[in-house]
Amino acid sequence: MTTITVDEVHDLDVLVIGAGGAGIRAAIAAKSEGASTGLVCKSLFGKAHTVMAEGGIAASMGNVYPEDNWRVHFRDTMRGGKMLNNWRMAQLHAQEAPDRVRELEEWGALFDRTPDGRILQRDFGGHRYARLAHVGDRTGLELIRTLQNKATSLDVRVFMECTILRLLTDANRVVGALGYWRESGKFVVFRAKATVLATGGVGKAYKITSNSWEYTGDGHSLALWAGADLIDMEFLQFHPTGMVWPPSVRGLLVTEGVRGDGGVLKNSDGKRFMFDYVPEMFRAETADTEEEADRWYTDKVGARRTPDLLPRDEVARAINSEIKAGRGSPHGGVFLDIASRRDPEYIKRRLPSMYHQFKQLAGVDITTEPMEVGPTCHYMMGGVRVDPDTGASSLPGLFAAGEVAGGMHGSNRLGGNSLSDLVVFGRRAGLGAAAAAAAMSDMPSIDPAQVDSLAREALSVFDRSGGTNPYEVHRKLQECMQSLVGIVRTGDELEEAQGRLEEIQREASVASVEGHLQYNPGWHLAMDLRSMTTVARCIAMAALVRKESRGGHTRDDYPQPDPELGKVNMVVRYNDGELTVTPEPLPVMPDDLAELFKS
Amino acid sequence: MADVTMRVWRGTEDGGSFQEYQVHAEDGEVVLDLVHRLQATQANDLAVRWNCKAGKCGSCSAEINGMPKLMCMTRMNTLDVSQPITIAPMRTFPIIRDLVTDVSFNYEMAKQVPAFTPRAREADGTYRMDQKDVDRAQEFHKCIECFLCQNVCHVIRDHEENKGRYAGPRLFVRYAELEMHPLDTNDRRQLLRKRMGLGMCNITKCCTEVCPEEIHITDNAIIPLKERVVDASYDPLVWLGRKIARRIRPSGAPPAQAPGRAQTESAAG
Ligand SMILES: Cc1cc2nc3c(=O)[nH]c(=O)nc-3n(C[C@H](O)[C@H](O)[C@H](O)COP(=O)(O)OP(=O)(O)OC[C@H]3O[C@@H](n4cnc5c(N)ncnc54)[C@H](O)[C@@H]3O)c2cc1C
Ligand code: SF4
Ligand code: SF4
Ligand code: FES
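Conventions we followed
Every chain is numbered independently, its residues counted from 1 as its sequence is written. Working convention: letters from A go to chains and numbers from 1 go to ligands, in the order in which they are written. Two thresholds apply to this predicted model, a pLDDT of at least 70 for residue-level local features and 80 or more for giving and counting side-chain atom pairs, whereas whole-chain, interface and lining totals are computed over all residues. Excluded from the side-chain calculation are hydrogens and water; included are all heavy atoms of the structure. Only DSSP runs of H or I covering at least 4 residues are called helices, and only runs of E covering at least 2 are called strands; the numbering of each starts at the N terminus. A 1.4 Å probe rolled over the protein chains alone gives each residue an accessible area, and that area as a share of the maximum for its type sets the label: buried under 20%, exposed over 50%, partly exposed in between. Note on contacts: a residue pair is in contact if any heavy atoms of the two residues lie within 4.5 Å. Residues belong to one nonpolar core when they are buried, are Ala, Val, Leu, Ile, Met, Phe, Trp, Tyr or Cys, and are joined through side-chain atoms within 4.5 Å. We define proximity as follows: a residue is near a molecule or strand when any one of its heavy atoms falls within 4 Å of that partner. In the analysis that follows, any N or O atom pair within 3.5 Å is treated as a polar contact, provided that within protein one partner can donate a hydrogen and the other can accept it, and provided that, for residues neighboring in sequence, both atoms belong to side chains. Where accessible areas are quoted, they stem from the Shrake-Rupley method and a 1.4 Å probe; at the residue level, only the protein chains shown are allowed to cover. Following the grouping adopted for this structure description, the nonpolar residues are Ala, Val, Leu, Ile, Met, Phe, Trp, Tyr, Cys and Pro, the charged ones are Asp, Glu, Lys and Arg, and the polar ones are all others, Gly among them. Here the buried area means the combined drop in accessible surface, using a 1.4 Å probe, for two parts upon being joined, counting both sides. By definition, a salt bridge exists where a carboxyl oxygen of Asp or Glu is found within 4 Å of a side-chain nitrogen of Lys or Arg. At least two DSSP bridges between two strands are needed for those strands to be called paired. Orienting the strands away from the viewer, one traces the path from the first strand over the helix to the second; a clockwise path indicates a right-handed crossover. Note on method: axes are straight lines fitted to C-alpha atoms, helices fitted across the in-contact stretch only, with angles between N-to-C directions ranging 0 to 180 degrees. Stacked, tilted and edge-to-face are the three classes applied to pairs of Phe, Tyr and Trp rings, where Trp contributes its six-membered ring and a pair requires centres within 6.5 Å; stacked means planes under 30 degrees apart, edge-to-face means over 60, and tilted covers the rest.

### Examining the side chain of H474(A)
Residue and element names in this part refer to chain A. By the secondary structure assignment, H474 is in helix 14 (residues 470-484). Residue classification places H474 among the buried positions, given a relative accessible area of 12%. Excluding residues within four positions of it along the chain, H474 makes contact with K204, L525, L529 and M532.

Below, the structure written as structure tokens:
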């Protein structure tokens, strides 16, 4: 057998894997520090998931409510995450988000304005004050394009349509990565002093999802396989409002901005059912009559917030219960009504892309009729365990930021807190990586045998004939995760899922692919399945161990939160081919911050 | 819905042809759904780009029955399915494989755009901008970089040799966005005239017609740019005056310069 050698090798101080908001912001930071920086992404530059974000970016600038400040934002974030968040991340996030938003503006982003010309902020679930800076309902596009233009002007090297298969390691340190060009199928090696993962989430393991094909959990798996710790993998956010009809768009996101701008949820009896689902923890600050809830939109001080804007886990569970109780809409969702509450001009101005999306894809005019919506798999709270200040993972040479990193959002993320997370921690990870690279005098060395065996393994799907069809394996995986590891889980089903997932993982490992290496989606999917099945197993395993209900993790057999489990993260590790889950204590919040939760 | 006949272009830069498939279609589906079904069942290696499936990322551009469109936003019920549906890659860009083309030209041209350069902040650390001024540039920020406008623009569609000296409608939108940005201070007009080939556009409006974001590429971006470039060749002070006027204009006043066609015809060519 001849050894596979890879001719194309790029030497970099900092390698950033992923060009969404987090990755680009990290690359900008590293490049600005003088590090030679490369940015790798699976799609074209500017098409990452971040482009789809709609509602806005959370930052306590206090432009609409001067009462707002970072402490209030911090408190909302921790409570939304059911106190499982890494307190230091939540603190840094709340403190730095306003500066990051102003920085975006300085780089050319044009946010909607207040009457006196400052950045306008809108209401979103779980946020005490109107806090989301936004551009209509296409904030993600504004964010990614601004960062893209900035990175382009700094001459950051971009390697687009290039997929990273594995991280390369040397003596327990990450020294770069092996990837392939999607276009040609040729391998490429990146040798780097420091590597930042910013690969986003995992939603493609589910059938009903708001996520794109890129969300195959690559970064989570790359980190795990290389030996880094993952935390909180049991916490997956199901967004309460995805489209349900027609089937072709099932799962597509309907922004929370609809409710922030006055839309309400109703069941088939026309009842605003959210009033029946206010949990104890939020009762004191939630309206208990429709009159008060409606008044709150304009009077944040004299009225309490509408239950339609409870944190997402609460709303998703409520919708799930209404549908199960037979009070759903014709296509198996519930109604989201803004048509009867706001005038058409307002709706079109505030929610242009929602208007467009429903009109074009469902034939529904949201200014005159209600939408049908239901929960959709949306966001992975869990991910690579990082040092809050630098984004460093537990493995030397490896950093992570954005959706692939864990800890910031605890068991449930508040809307708008992701885009801010991307720029706050993308920047920090970029700085952390640049500092780590600067501390190294020489380029690390790459082991050719490691490259050879990884490349050989990736090509094995072409040698095999009569193996499994990757599309079919993917479908099975989605069925399994949707039905057994979905919004509401039970011990029995999770046990069953373990077995099935191992079987699916085995099937994925013997996929065969026709055609050749050049731009071959069958092969790409076969590669993605390795990470998707790995992440799926992590979710199911951690979910089985967490015998309580909290945030994005609901157990029918353990419906209440367990205070003891509220003090631990589930840590997933990969050793000698085996996955393990270990509960480990959360970092303890200092007293001055803990004070904020006493009232 | 019954089965649909799809004629999909398969091949590489070395050549290829349309291949015919029978694909099952369901109610409410879009063209991309059928392409995916085809890929999953009959043509595992069919190359196609897509991401959001919601008209937000601009990845899935193609020519459907000869019309440049996003596959994810083209509903099957808008097409005559009694006839075969033809799906071809964008013609203006070199083929990589099947429906995937090499759009790197656009990224190369983007690298040449002189960066956004904001003026100083107000004393209180903010930037104050009027929503009305912001609206104008926000129209251009809606661009999802689908490159359909670039694909139809005859200046490069029919003339490969123009690619090095013509930015194309997408990039004109980008220049307009900067030119009309309430905070920007950079002057890119000579560059537009001399190096980006603004004069080669003869306002056929084909670009505007295909823009899925309904950006008025010609009326709101290209024509005002042409006017400003004319100003630049005559009198730098007029331009400067306009930039300043725009900033300090009190809210409610009409735009300093309404987009119009008056001078433009003479500016073309
Ligand atoms: C429809 C929708 C609406 C949303 N709205 C909001 C909102 O209003 N506010 C908010 O705060 N959040 C919102 N979110 C969540 C938020 O958009 C995402 O969590 C966030 O954009 C993730 O950013 P990221 O930088 O971590 O990753 P992404 O933007 O997803 O980027 C991931 C990058 O990694 C690359 N990549 C992945 N794997 C590999 C690999 N193996 N090799 C090379 N590259 C790889 C991808 O190509 C991509 O470039 C929304 C999400 C969705 C789906
Ligand atoms: S109007 Fe100008 S840019 Fe647009 S298609 Fe015609 S020539 Fe090209
Ligand atoms: S201007 Fe319109 S057609 Fe051109 S790239 Fe942007 S969105 Fe596409
Ligand atoms: S897939 Fe994003 S625009 Fe079509």
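### Details of the nonpolar core
In this structure, M71(B) and F172(B) are the most contacted members of the largest nonpolar core, which totals 229 residues. Sorting elements by how many residues they give to this core places helix 16 (residues 521-545) of chain A first, with twelve residues. Those residues within four positions of F172(B) in sequence are excluded, and the remaining contacts are Y166(B), A167(B), L192(B), M196(B), G197(B), L198(B), C201(B), A221(B), I222(B) and L225(B). Counting residues in each nonpolar core, the second largest holds 18 residues, with V6(A), L454(A), V513(A) and W523(A) among its members.

### Examining the site of ligand 1
All names here are of chain A. Taken together, 40 residues sit near ligand 1, with T50, G55, E214, Y215 and D218 positioned nearest. In the model, an oxygen atom of ligand 1 is placed 3.4 Å from a nitrogen or oxygen of the G20 main chain. Interatomic distance of 2.5 Å between a side-chain N/O atom of T50 and an oxygen atom of ligand 1. When isolated, ligand 1 has an accessible area of 1,000 Å², and the protein chains bury 99% of it. Of all the elements in the fold, those that place two or more residues in the shell around ligand 1 are helix 1 (21-32), strand 2 (37-41), strand 7 (162-170), strand 14 (371-380) and helix 12 (417-438).

### A closer look at the site of ligand 2
Residue and element names in this part refer to chain B. Around ligand 2, 13 residues are found, and the nearest of them are C153, C201, T204, K205 and C207. Secondary-structure elements contributing two or more residues to the shell around ligand 2 are helix 8 (206-210) and helix 9 (217-234). For the shell around ligand 2, a count of residues per class yields eight nonpolar, four polar and one charged.

### So, the interface of chain B and chain A
Of the residues lining the interface, 60 residues belong to chain B; the matching set on chain A comes to 57 residues. Both faces considered, chain B and chain A share a buried interface measuring about 4,700 Å² in area, 53% of it formed by carbon and sulfur atoms. With a closest N to O distance of 2.9 Å, R121(B) and E106(A) form a salt bridge. The interface formed by chain B and chain A holds 32 residue pairs in polar contact (both at pLDDT 80 or more) in total. Taken together, the elements giving at least two residues each to the side of chain B that touches chain A come down to helix 1 (31-41), strand 6 (95-97), helix 2 (104-111), helix 3 (131-141) and helix 6 (169-179) of chain B.

### Considerations on the pairing of strand 2 of chain A
Residue and element names in this part refer to chain A. The buried fraction of strand 2 amounts to five of the five residues, a majority that puts the element mostly inside the structure. Of the two faces of strand 2, the one lined by T37, L39 and C41 and the one lined by G38 and V40 are each fully buried. By the bridge criterion, four bridges tie strand 1 (residues 9-17) to strand 2 in an arrangement that is parallel. Across the sheet, the residue bridging to V14 is T37, located in strand 2. Where the polypeptide runs from strand 1 across helix 1 and back to strand 2, its parallel neighbour, the crossover connection is right-handed. Of the strand pairs in this sheet, strand 2 and strand 6 (residues 157-160) are connected by four bridges, and their pairing is parallel. Of the residues in strand 6, the one forming a bridge with V40 is F159.

### Details of the pattern of salt bridges
Considering all chains together, one arrives at 82 salt bridges over all chains under this definition. Across the pair R341(A) and D294(A) runs a salt bridge, and its minimum N-O distance is 2.9 Å. One end of the pair, R341(A), is in the loop between strand 13 (334-337) and helix 10 (344-350); the other, D294(A), is in helix 8 (residues 290-296), with 47 residues separating them in the sequence. A salt bridge links K163(B) to E160(B); the nearest nitrogen and oxygen atoms lie 3.3 Å apart. A residue is classified by how much of its surface remains accessible, and E160(B), at 54% relative accessible area, is exposed.

### Considerations on unusual backbone geometry
Leaving glycine out, the prevailing phi sign among residues is negative, and the prevailing peptide bond configuration is trans. Residues and elements named next belong to chain A. Residue W245 is joined to P246 through a cis peptide bond whose omega torsion reads -5°. By the element assignment, P246 lies in the loop between strand 11 (236-243) and helix 6 (257-260). One non-glycine residue with positive phi stands out, namely E161, at about 55°. Among the structural elements, E161 can be located in the loop between strand 6 and strand 7. Look at E161 and you get buried, because its relative accessible area is 7%.

### Some remarks on the environment of G577(A)
Residue and element names in this part refer to chain A. For G577, the position within the fold is in the loop between strand 19 (568-575) and strand 20 (578-585). Residue G577 is classed as partly exposed on the basis of its relative accessible area, which comes to 43%. Separated by 261 residues in sequence, G577 and A316 place their C-alpha atoms 35 Å apart.

### Concerning the sheet that holds strand 20 of chain A
Residue and element names in this part refer to chain A. Taken together, the four strands give an open sheet; going across it, the order is 15-10-19-20, and neighbouring strands pair in antiparallel fashion. The two strands at the open ends of the sheet, each matched to only one other strand, are strand 15 (383-384) and strand 20. Along the sheet, helix 5 (residues 218-226) makes contact with strand 10 (230-231), strand 15, strand 19 and strand 20, crossing strand 19 at roughly 65°. Packed onto the sheet, helix 16 meets strand 10, strand 19 and strand 20 and runs at close to 45° relative to strand 20.

### Points about the packing of aromatic side chains
In this description, an aromatic ring pair is defined by two values, namely the gap between the centres and the angle between the planes. The final tally for this structure, using the stated rule, is twelve aromatic pairs over all chains. Ring geometry for F159(A) versus W181(A): centroids 6.3 Å apart, planes at 45°, classification tilted. Here F159(A), found in strand 6, pairs with W181(A), found in strand 8 (residues 173-181); they are 22 residues apart in sequence, far enough to count as distant. Under the relative-accessibility criterion, F159(A) is labelled buried at 3%. Aromatic side chains Y107(B) and F147(B) sit 6.0 Å apart centroid to centroid with 75° between the ring planes, which places their arrangement in the edge-to-face category. Of this pair, Y107(B) sits in helix 2 while F147(B) sits in the loop between helix 3 and helix 4 (148-152), and the two are 40 residues apart along the sequence.

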